[in-house]
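The primary structure of each chain is shown beneath.
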Amino acid sequence: MSLGQVVRGPAPPVGSADTAPGVELARVVPVSGRRRVVPRWVRRAAGPVALLVLWQVLSATGVLEGDILASPGTIAATAGDLVSDGTLPSAMLVSLQRVAVGLVLGGVAGVVLALVSGLSRLGEDLVDATVQMLRSIPWVGVIPLFIIWLGIGEAPKIALISLGVAFHLYLNVYAGIRGVDAQLVEAGTSLGLNRWGLIRHVVLPGALPGAMTGLRYSLATAWLALVFGEQVNADDGLGFLMNQAREFFRTDVIVVCLVVYALLGLLADFLVRTLERLLLQWRPTFTGQ
């Protein structure tokens with residue numbers, strides 16, 4: 001019992017007014033208190049908070065010098081200055097625009113290629129081998145070619161992001177399509193669905209979990225590609241701030257930009273997970289114990 005403990009005792013005499021004949025009573029002793037459960041957000045925040053405290057202590061005691069890594073207090077003050085003068089919001093806006101454009105272009109290319117390859121054997125023969133071959137090439141290594149082909153403006157940065165996004169979405173959407181249970185397809189056929197009906201009502205919903213996973217991977221790759229792209233001849237954005245800070249050994253500014261990258265990535269992942277919960281309500285999954 002949750003509100004008390006049951007203590008067995010001798011039964012009252014049979015036939016008494018307190019109980020029916022042959023029935024054994026149990027004496028309930030109240031428990032002094034209830035076990036308190038620590039909120040989950042507190043447990044999740046314990047690790048990062050402990051790391052920040054350790055970092056601040058090492059900086060304050062001189063173990064960690066400011067030239068090597070600025071203290072959390074210094075980084076917070078620098079972030080406030082960058083926000084107040086508008087430098088950080090402007091850089092964030094430019095970087096977000098690059099990621100958004102690259103995500104749309106790469107996402108459309110990856111999904112279209114995955115549909116062509118996954119829904120048709122002919123499409124697989126024509127597309128899959130080429131995509132797999134290109135995927136094996138380190139996409140960061142094509143930066144010099146992008147600069148030669150597209151110049152040093154926005155085009156090579158967006159192309160780099162699109163390339164990384166397209167491959168991740170292609171692989172996951174293709175795997176999701178080919179992972180649809182064949183018995184579901186047979187059931188749809190027996191119910192009279194034509195090819196378009198099977199694709200719409202069976203194949204695409206079955207491939208949606210893989211597509212959501214691919215989108216999460218693509219967002220992470222988009223931010224990674226942005227870091228590399230903005231290191232090359234950028235005159236604005238978070239990468240431009242990091243390059244300037246590197247020249248003047250401003251580790252505080254570098255860490256601020258890295259934190260912003262991380263926060264934007266977490267925000268994007270949260271949005272995708274929320275979308276995933278909305279679109280995949282029909283698929284109950286294990287959420288841990």
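What you are looking at is a predicted structure, and each value in this text was computed from that prediction instead of being measured.

What counts and how
- Along each chain, the written sequence defines residue order, and numbers are assigned to residues from 1.
- In view of the model being predicted, local features appear only for residues whose pLDDT reaches at least 70, and side-chain atom pairs are presented and counted only at 80 or more, with totals across whole chains, interfaces and linings using the full set of residues.
- The basis for the side-chain values is all heavy atoms of the structure; hydrogens and waters are excluded.
- In this analysis the probe radius is 1.4 Å and the grid spacing 1 Å, with only protein atoms considered; a cavity is a set of points the probe fits into but cannot get out of, a pocket is an open set with protein on both sides within 12 Å along at least five of seven lines, and lining residues have an atom within 4 Å of a point.
- Grid points are joined across faces, edges and corners, and a volume is the space filled by probe spheres set on the points.
- Each helix is a run of H or I in the DSSP string that is no shorter than four residues. Each strand is a run of E no shorter than two, and both are numbered from the N terminus.
- Note that Gly is not counted as nonpolar here; it falls among the polar residues with everything else outside the nonpolar set of Ala, Val, Leu, Ile, Met, Phe, Trp, Tyr, Cys and Pro and the charged set of Asp, Glu, Lys and Arg.
- A simple rule labels every residue: compare its accessible area, found with a 1.4 Å probe on the protein chains alone, to the largest value its type can have, and call it buried under 20%, exposed over 50%, or partly exposed in between.
- Think of a polar contact as two N or O atoms within 3.5 Å of one another; within protein, one of them needs to be a possible hydrogen donor and the other a possible acceptor, and neighboring residues in sequence only count if both atoms come from side chains.
- The contact definition used throughout considers only heavy atoms, calling two residues in contact when any of these lie within 4.5 Å.
- When a carboxyl oxygen of Asp or Glu lies within 4 Å of a side-chain nitrogen of Lys or Arg, that pair is called a salt bridge.

1. A short note on the layout of surface pockets
Thinking step 1. There is about 330 Å³ of room inside the second largest pocket.
Thinking step 2. Taken together, 13 residues form the lining of the second largest pocket, with Gly 118, Leu 119, Ile 177, Arg 178 and Val 203 sitting closest to its centre.
Thinking step 3. Among the elements of the structure, α3 (87-119), α4 (121-135), α6 (154-178) and α8 (195-229) are those that each provide at least two residues to the lining of the second largest pocket.
Thinking step 4. Of all the elements, α8 adds the most residues to the lining of the second largest pocket, at 4 residues.
Thinking step 5. Split into classes, the residues belonging to the lining of the second largest pocket amount to 7 nonpolar, 2 polar and 4 charged.

2. What about the side chain of Ser 117?
Thinking step 1. With respect to the element layout, Ser 117 can be found in helix α3.
Thinking step 2. On the accessibility criterion, Ser 117 (0% relative accessible area) is buried.
Thinking step 3. At 3.1 Å, the side chain of Ser 117 forms a polar contact with the side chain of Tyr 170.
Thinking step 4. Setting aside anything within four residues of it in sequence, one finds Ser 117 in contact with Gly 123, Glu 124, Val 127, Asp 128, Tyr 170, Tyr 174 and Arg 178.

3. Some points on the pattern of salt bridges
Thinking step 1. One pass over the structure, following the stated rule, counts 6 salt bridges.
Thinking step 2. Notably, a salt bridge pairs Glu 230 with Arg 98, separated by 2.7 Å at the nearest N-O pair. Placement of the pair is Glu 230 in the loop between α8 and α9 (238-247) and Arg 98 in helix α3, with a sequence separation of 132 residues. Here the two residues Glu 230 and Arg 98 agree in accessibility, since each one is buried.

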